[in-house]
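Chain by chain, the residues run as shown.
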Number of protein chains: 2
Amino acid sequence: MDNQLILYAVPLSGIIALLYALFKAGWVSKQDSGTQEMATIAGHIADGAVAFLKREYKVLVIFVISVAVLLGFANSGRPDSSPIIAVSFIVGAICSGLAGYFGMKVATKANVRTTHAAREGLSRALNVAFSGGLVMGLSVVGLGILGLSTLFIIYNNQFSEINQVINLISGFSLGASSIALFARVGGGIYTKAADVGADLAGKVYEGIPEDDPRNPATIADNVGDNVGDVAGMGADLFESYVGSIIGTMVLGAAFVPVFDSMGISPIAGVILPLVIAAVGIIVSILGSFFVKVKEGGNPQTGLNTGEFGASFIMAVLSYFIITNILPSTWTVSGVTYTSLNVFFAVIIGLAAGVLIGLITEYYCSTHHKPVVNIAYQSVTGSATNIIAGLGTGMMSTGLPIIVLSAAIIGSHYFAGLYGIAIAALGMLSVTGIQLAVDAYGPISDNAGGIAEMSKLPPEVRERTDKLDAVGNTTAAIGKGFAIGSAALTALALFAAFRQQAGVESIDISKPVIMAGLLLGAMLPFVFSALAMGAVGRAARDMITEVGRQFNEIPGLREGTTPAEFAHCVDISTKAAIREMILPGTLGVLVPVVVGFVSKDMLGGLLAGVTSSGVLLAIFQSNAGGAWDNAKKRIEGNIEFDGVTYGKGTEAHKAAVVGDTVGDPFKDTSGPSLNILMKLIAVVALVIAPLI
Amino acid sequence: MDNQLILYAVPLSGIIALLYALFKAGWVSKQDSGTQEMATIAGHIADGAVAFLKREYKVLVIFVISVAVLLGFANSGRPDSSPIIAVSFIVGAICSGLAGYFGMKVATKANVRTTHAAREGLSRALNVAFSGGLVMGLSVVGLGILGLSTLFIIYNNQFSEINQVINLISGFSLGASSIALFARVGGGIYTKAADVGADLAGKVYEGIPEDDPRNPATIADNVGDNVGDVAGMGADLFESYVGSIIGTMVLGAAFVPVFDSMGISPIAGVILPLVIAAVGIIVSILGSFFVKVKEGGNPQTGLNTGEFGASFIMAVLSYFIITNILPSTWTVSGVTYTSLNVFFAVIIGLAAGVLIGLITEYYCSTHHKPVVNIAYQSVTGSATNIIAGLGTGMMSTGLPIIVLSAAIIGSHYFAGLYGIAIAALGMLSVTGIQLAVDAYGPISDNAGGIAEMSKLPPEVRERTDKLDAVGNTTAAIGKGFAIGSAALTALALFAAFRQQAGVESIDISKPVIMAGLLLGAMLPFVFSALAMGAVGRAARDMITEVGRQFNEIPGLREGTTPAEFAHCVDISTKAAIREMILPGTLGVLVPVVVGFVSKDMLGGLLAGVTSSGVLLAIFQSNAGGAWDNAKKRIEGNIEFDGVTYGKGTEAHKAAVVGDTVGDPFKDTSGPSLNILMKLIAVVALVIAPLI
């Protein structure tokens, strides 16, 4: 088929995704939202979430406009670039923001409707929650591919030089990455400030029950799930998705040279990632049809069939896509490649993603040795629980890094640097359904919170808890894909930067590059410290406010007067907005400053950020996950030295400490690092022609 | 002066150091060891410590012989090398082992004599404790310089090619590094298993007081101070000292070319580090004379005068040494250097060391914001204490890394790669007195333990506690020197490896090197996890044993029957020996395996280990130090929201959890990383000609 024609079909898949998302959103809205009380509570949550997003976006508008103006000025009057890059940047930022907004809006409708559906049965509840998640997933991939491919088609008609087109497109990725960093950090601080604050208020002031509807921080906690785990994660995956597509496009221009004489489009290597992503959207929609379960059946099966089925179909289809778009064999800089080799690189990416996911599952699941060991170590108190959790998190970096290194070498062996980039894309091609499974978690979580606050019978909460638990394996695999693809994408962007900056080699035995490497390796540590410090400070304010309300509001303790939820929502909102600015700005500014000091140092910085970022991300998210499940494991009772330890015992209290420490690890600082390393690489790529 | 003549004077300084150490050891032995009970307790500690060291050395003998045989075989029949490298390796290992043994032997005599001296007054106690530490310091530098310079003189007469001589000498460094890794890890596991086990036994079994002489683990705890903080640290600094000298020698051969026509010895760049180290020994001895205080004076002043005075004198003297040994100006590969520039590099190293030390002091001292903040965060429980401590540790990596990067660029600007190496040497030239101050800490600590166990009046304990506290600032500065010099030495060895392996450049944008970088960055995480896991497991056995004794030994609880200390000593000993083998072997094997797979990958691995190793080392040791002092801060009472929190309050309990978590961080895994990164670099350097 003509590659040009195929290119024009790409935006169409984005439109299909958005139309289907609209249809699903309409279906969710039409479901019953239950009792008056349920609707009121859900209304508070929805209002809080939208209010936060509006304030967040207000700040981001200023940031986006400032950066756009700077980008425009810096790139004007240059033959190899154009101020139009600022337009790409703005479009990228808007698409990311819209995807987060749509997804969260529907999630805050799906939560209460899931609760109501859970009053009738597990299967209907799964359907509502998953549909809510699917809207998020499809909004992200739909807006991503639509924005990206439209810009590409326009620029490609406008400018003759493919390298210039790709340079302009990289602005889109920069927009997506910067919004993602702010959204992840802001959302992460919001949700954990509320969560940690609500939990600890019970410890500090006597007589305030943890996890109780009378606790004024509970609404903020539920808002947090939506702004952090839904909107924040949406922006996160939006940037992963877009970043891996653009990374492959940048490398594609040099990888497949002009083959007009052979009837191959000169941009075959550039449009291939777009086409794979477009087909992945359709496959994701198809996969979603499998996520249905008869009443009484096991929801896990449906979820697995949907996600693994989609991945398998995608693997098969990518063979036909690749062999159709690329020439069967060609030579570039003396090396001969075949389209089959490129296909192997994609398969390596998929296999690495699944492997890392399974390893993640091993280290974090309640059934395996690491978590069981942490549970036993809780018997001797919180110190041993913490030591065991930190040790487990550190140990869990070993195998994923070995898999990742093998994937880098393997995919490069088959298809050069392009192979590394397309391996990452292979992992992310069915982001649509992966994100749907991910987002369905916090929706079920919220549904449970609403059930408890509106005092529904306990079996409703049990059902929503089961829903939440069911997605765990698939979510772990999703996490493996996220970390693996982030590392590969960062490396691909790194190679792209070297190409664009015209740096011959980045020799780490040079002192300037060594210094850059150390500085880069340090950033994820300082960044994590900022995020954790922010959660600590905000949680402290939350605790004080909860205490004030219990002391000053008569009848609150007895449950006769409602708490002033709005104050707590306000504390989380203000803290998140205030505290996201420094780390977010740091991520954008540091590479610019270093880049203008020395190109070489920037090269070292990128290597440092990537290596230490991947490791700290795996360490933090696995330690957090393992602590969380060690607590759950004890809640199911463990036996040690003949004594049984369960909920309420000292061992459980120790495990709660670990869980609380793990909260900012796994939901604030850890996931932000994935974005940080790509953002820094994208910034480097964008400023490469200027330095 | 003739450089050849100067060279022959170097071993003399080692002999002077050892003779003075013998004299001081004799003086310590002659002091009174107090009551019969004190002598008995001290005897148990000394016996336990020697027994551990003997068992450790038995295992190490097997390791050393195996490696020596392999080294001999691998290097036989090669024109650029010689099996004699195995001899250097054995001599290095023996010197390191002897230094640890001598130092610890005297430390276990000095402890009880310090206790007895503290019954009379602070000043006499300081004198005994410091003299004990000085024996350790002088044994380390004396054996280091004596072994190294004797081998160099012999090889230099035997072989005509300076590069071959240096290759043979690097075996000495390998011997020192491998012993250091085992000693640090083994000693660290020993001391923290006993410490954490003794502390937590009180939590798990009711009625067992923490920190009480009846606790059967207390002797093991005191033995641990000697085998971990004295012998382990001695081996650690022995390898730092030797590594930085050899790193500079390797780079020196290429840095200062043959200048026979100018009357300059052809090996000027190679012998300069030896001469600086030799003069540093004499200056350290001179500095020790300042560490004397009149009764009623402030011991801090004496300690500071000694250490800073020695550093200052050394800075001045190094100007004369450098300008005397090096030509005033010369050109190599088109770049012109002057001896003055080399002097500047030394000064940069010294300044960076002091700065990193001051930053360390800021993050870990009870008087500054970070520790105060952790103390306040303890009010809301152990979870917030842990989050704050982890955050502080991560944040504390920022400034030291900036200083380090500036030092790398600065010293390289003045004197190339040689400048980086000699900057590290500048920090370590007065190791003799620095280590004396470091080792005097655990001696005072032990003295306090003996005072408590032999039920001496509380003012004795107060005096020993004061002694322990006095050394804190100087010890923090010492830590800064240790971390800074480790990083610089690793980088210098890294550059030396590149030179010896004939690798043109280590381009991190190459996939094989990227993979090596990631694998290298992962090693310190897995290594830390192994060390922490070992402490956790051994502490658990200790807790069980303490519980058993309290339940089964009649009269132990009442204090009428003595506890079975020996069992606890045995548990720590066995655990330490068993658990040190895997991480120790890993450190030696991984670079060998990776090196034979690919030279390039080994280059990436070195960069990864160094960058992530420095960061994790700073993170862990500062987090541990900050938690420790946050607990001490609360013990001095803090006020929050109008409530006072002190010893025994919930806030204090929370801070104890942090302190316990910090124990393996700062005393087991953290300090081992400094050695790990140098060991891996030395292994790479030694195998460089073979791959």
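Residues numbered from 1 in each chain as written. Chains lettered and ligands numbered in written order. Predicted model: local features only at pLDDT ≥ 70, side-chain atom pairs only at ≥ 80, totals over all residues. Heavy atoms only, no water.

### Quick notes on the overall build of chain A
Within chain A one finds 19 helices and 4 strands. Scaling as 2.2 N^0.38, a compact globule of 691 residues should have a C-alpha radius of gyration of about 26 Å, and chain A matches this with 24 Å. Considering only intrachain contacts with a sequence separation of at least 6, the fraction spanning at least 24 residues in chain A is 84%. Carbon together with sulfur atoms contributes 62% to the accessible area of chain A, which is approximately 21500 Å² in total. The average position of the 39 basic charges and that of the 48 acidic charges among the side chains of chain A differ by 3 Å. (Helix = DSSP H or I, 4+ residues; strand = E, 2+ residues; numbered from the N terminus. Rg over C-alpha atoms; globule rule 2.2 N^0.38 Å. Contact = heavy atoms within 4.5 Å. Areas by Shrake-Rupley, 256 points an atom, 1.4 Å probe, with all protein chains shown as cover. Lys, Arg positive; Asp, Glu negative; His and termini not counted. Charge placed at Lys NZ, Arg CZ, Asp CG, Glu CD.)

### Topic: the relation of the copies chain B and chain A
Mapping chain B onto chain A is achieved by rotating through 180° and translating by 0.0 Å along the same axis, at an RMSD of 0.0 Å. The relationship between the two copies is best expressed as a two-fold rotation axis. The C-alpha atom lying nearest the rotation axis in chain B is that of B:Asp507; the distance is 2.2 Å. A share of 100% of the interface residues of chain B reappears at the interface of chain A, consistent with the copies meeting face to face through the same patch. (Least-squares fit on C-alpha atoms with pLDDT ≥ 70 in both.)

### A few points about the packing of helix α6 (residues 218–255) of chain B against helix α7 (residues 268–288) of chain B
Residues and elements named next belong to chain B. The geometry of α6 relative to α7 is characterised by a closest axis approach of 6 Å and an angle of 150° between their N-to-C directions. When the axis of α6 is compared with that of α7, the two are roughly antiparallel. Where α6 abuts α7, its residues Tyr241, Ile245, Thr248, Met249, Gly252 and Ala253 lie against Gly269, Val270, Pro273, Leu274, Ala277 and Ile281. Taken together, the residues that form the contact of α6 with α7 break down as 9 nonpolar, 3 polar and no charged. (Axes fitted to C-alpha atoms, helices over the stretch in contact; angles between N-to-C directions. Parallel < 35°, antiparallel > 145°, perpendicular 65-115°, else oblique. Nonpolar A, V, L, I, M, F, W, Y, C, P; charged D, E, K, R; others polar.)

### A short note on the nonpolar core
Within soluble globular proteins, side chains that are nonpolar generally end up buried alongside one another. In terms of nonpolar packing, the biggest core is built from 511 residues, with A:Phe152 and B:Phe152 touching the most fellow members. Excluding its chain neighbours within four sequence positions, the residues that come into contact with A:Phe152 are A:Leu7, A:Ile162, A:Val165, A:Ile169, A:Met249, A:Ile267, A:Val270, A:Ile271 and A:Leu274. (Core = buried A, V, L, I, M, F, W, Y, C linked by side-chain atoms within 4.5 Å. Buried < 20%, exposed > 50% of the residue type's maximum accessible area, 1.4 Å probe, protein only.)

### A short note on a nonpolar patch on the surface
All names here are of chain B. On the surface, Phe290, Phe312, Ile313, Val316, Leu317, Tyr319, Phe320, Leu340 and Phe344 cluster together into a nonpolar patch covering about 800 Å² of accessible area. Those elements giving two or more residues to the nonpolar patch turn out to be α8 (299–325) and α9 (339–364). No other element matches the 6 residues that α8 contributes to the nonpolar patch. Its place among the elements puts Tyr319 in helix α8. Of the residues examined, Tyr319 reaches a relative accessible area of 33% and is grouped as partly exposed. (Patch = residues over 30% accessible without salt bridge, like charges linked within 9 Å, V, L, I, M, F, W, Y side chains within 5 Å. Salt bridge = Lys/Arg side-chain N within 4 Å of Asp/Glu carboxyl O.)

### What to know about a positive patch on the surface
Residue and element names in this part refer to chain A. Together, Lys54, Lys58, Lys105 and Lys109 make up a positively charged patch on the protein surface. Among the secondary structure elements, those contributing two or more residues to the positive patch are α2 (36–75) and α3 (85–120). Given a relative accessible area of 53%, Lys54 falls into the exposed group.

### Describing the side chain of A:Ser149
Residues and elements named next belong to chain A. The residue Ser149 is located in helix α4 (residues 122–158) in this model. You can call Ser149 buried: its relative accessible area is 0%. Of the polar contacts made by the side chain of Ser149, one reaches the backbone oxygen of Ile145; its length is 2.6 Å. Among residues more than four places away in sequence, those in contact with Ser149 are Val10, Pro11 and Leu274. (Polar contact = N/O pair within 3.5 Å; in protein donor to acceptor, adjacent residues only side chain to side chain.)

### Some details on the packing of aromatic side chains
Where two aromatic rings form a pair, the distance of their centres and the angle of their planes describe that pair. In the structure shown here, the tally under the stated rule is 39 aromatic pairs over all chains. Taking the centre distance of 5.3 Å and the plane angle of 85° together, the rings of B:Phe255 and B:Trp330 count as edge-to-face. In this pair, B:Phe255 is assigned in helix α6 and B:Trp330 in strand β1 (residues 329–332), connecting sequence segments 75 residues apart. In this structure, B:Phe255 and B:Trp330 share a single accessibility class: buried. A ring pair is formed by B:Tyr413 and B:Phe414, whose centres lie 5.2 Å apart and whose planes are at 75°; its orientation type is edge-to-face. Judged by relative accessible area, B:Phe414 falls into the partly exposed class, the value being 23%. Site record: aromatic cluster; members linked through ring pairs are A:Tyr319, A:Phe320, A:Phe343, A:Phe344, A:Tyr413 and A:Phe414. Stacked on the ring of A:Trp27, the Lys or Arg A:Lys24 has its end atom at 5.3 Å from the ring centre. (Phe/Tyr/Trp six-rings, centres within 6.5 Å; stacked < 30°, edge-to-face > 60°. Lys NZ or Arg CZ within 6 Å of the ring centre and 35° of its normal.)

### A look at the pattern of salt bridges
Residues and elements named next belong to chain A. Tallying each qualifying case throughout the model produces 46 salt bridges over all chains. Across the pair Asp667 and Lys192 runs a salt bridge, and its minimum N-O distance is 3.0 Å. With Asp667 in helix α19 (residues 650–687) and Lys192 in helix α5 (residues 162–204), the pair connects residues that are 475 residues apart, well separated along the chain. For Asp667, a relative accessible area of 16% translates into the label buried. A relative accessible area of 5% means that Lys192 is categorised as buried.

### Quick word on the interface of chain B and chain A
In many analyses, interface size is given as the accessible surface area lost on bringing the parts together. Of the residues lining the interface, 65 residues belong to chain B; the matching set on chain A comes to 65 residues. Interface of chain B and chain A: buried area, both sides summed, is about 6100 Å²; carbon and sulfur atoms make up 81% of it. At the junction of chain B and chain A, the tally comes to 2 salt bridges. In this structure, B:Asp507 engages A:Arg498 in a salt bridge whose closest nitrogen and oxygen atoms are separated by 3.7 Å. For the pair chain B and chain A, the number of links is 8 residue pairs in polar contact (both at pLDDT 80 or more). If you list the elements that add at least two residues to the side of chain B that touches chain A, you get α5 (162–204), α10 (369–377), α11 (382–395), α12 (398–428), α15 (472–501), α16 (511–552), α18 (599–635) and α19 (650–687) of chain B. (Buried area = accessible area lost by both parts, 1.4 Å probe.)

### As for the environment of A:Gly297
Residue and element names in this part refer to chain A. Along the chain, the position of Gly297 falls in the loop between α7 (268–288) and α8 (299–325). When its relative accessible area of 36% is taken as the criterion, Gly297 is described as partly exposed. For the pair Gly297 and Leu122, spaced 175 residues apart in sequence, the C-alpha to C-alpha distance is 9.2 Å.

### A closer look at the environment of A:Gly648
For A:Gly648, the position within the fold is in the loop between β4 (643–645) and α19. Remark: the alpha-carbon pair of A:Gly648 and A:Glu635, spanning 13 residues in sequence, is separated by 8.5 Å.

### Thoughts on the pairing of β1(B)
Residue and element names in this part refer to chain B. Residues Trp330 and Val332 of β1 are buried on one face, while the alternating residues Thr329 and Thr331, pointing to the opposite face, are not. Sheet topology note: the β1/strand β2 (residues 335–338) ladder contains 4 bridges and is antiparallel. Across the sheet, residue Val332 finds its bridge partner in β2, namely Val335. Connecting β1 to the antiparallel partner β2 that follows it, the hairpin turn spans 2 residues, and Ser333 within it adopts a positive phi of roughly 45°. (Pairing = 2+ DSSP bridges.)

### Overview of the packing of helix α4 (residues 122–158) of chain B against α7(B)
All names here are of chain B. It is at 11 Å that the axes of α4 and α7 come closest, and there the two elements cross at 160°. The angle between α4 and α7 places the two elements in the roughly antiparallel class. α7 is crossed by α4, and the crossing has left-handed handedness. Facing α4, whose interface residues are Phe130, Leu134, Leu138, Val141, Gly142, Ile145, Leu148, Ser149 and Phe152, α7 presents Val270, Ile271, Leu274, Ala277, Ala278, Ile281, Ile285 and Ser288. Taken together, the residues that form the contact of α4 with α7 break down as 14 nonpolar, 3 polar and no charged. (Left-handed = near helix turned anticlockwise from the far one by under 90°.)

### A short note on unusual backbone geometry
The phi angle at A:Asn637 is positive, at roughly 70°, despite the residue not being glycine. Relative to the assigned elements, A:Asn637 resides in the loop between α18 (599–635) and β3 (638–640). With a phi angle near 55°, B:Lys455 is a residue other than glycine that sits in the positive phi range. Examined against the element boundaries, B:Lys455 turns out to sit in the loop between α13 (431–453) and α14 (458–470).

### What to know about the confidence of the model for chain A
Averaged over chain A, the pLDDT score is 88; the fraction of residues at 70 or greater is 96%. Within the model, the stretch residues 260–264 of chain A combines pLDDT values under 50 with 6 contacts to residues more than four positions away or in other chains. (pLDDT = per-residue confidence, 0-100.)

### Let's talk about the side chain of B:Gln434
Within the secondary structure, B:Gln434 is located in helix α13. Residues contacting B:Gln434, with those up to four places away along its chain left out, are B:Glu307, B:Met427 and B:Phe481.

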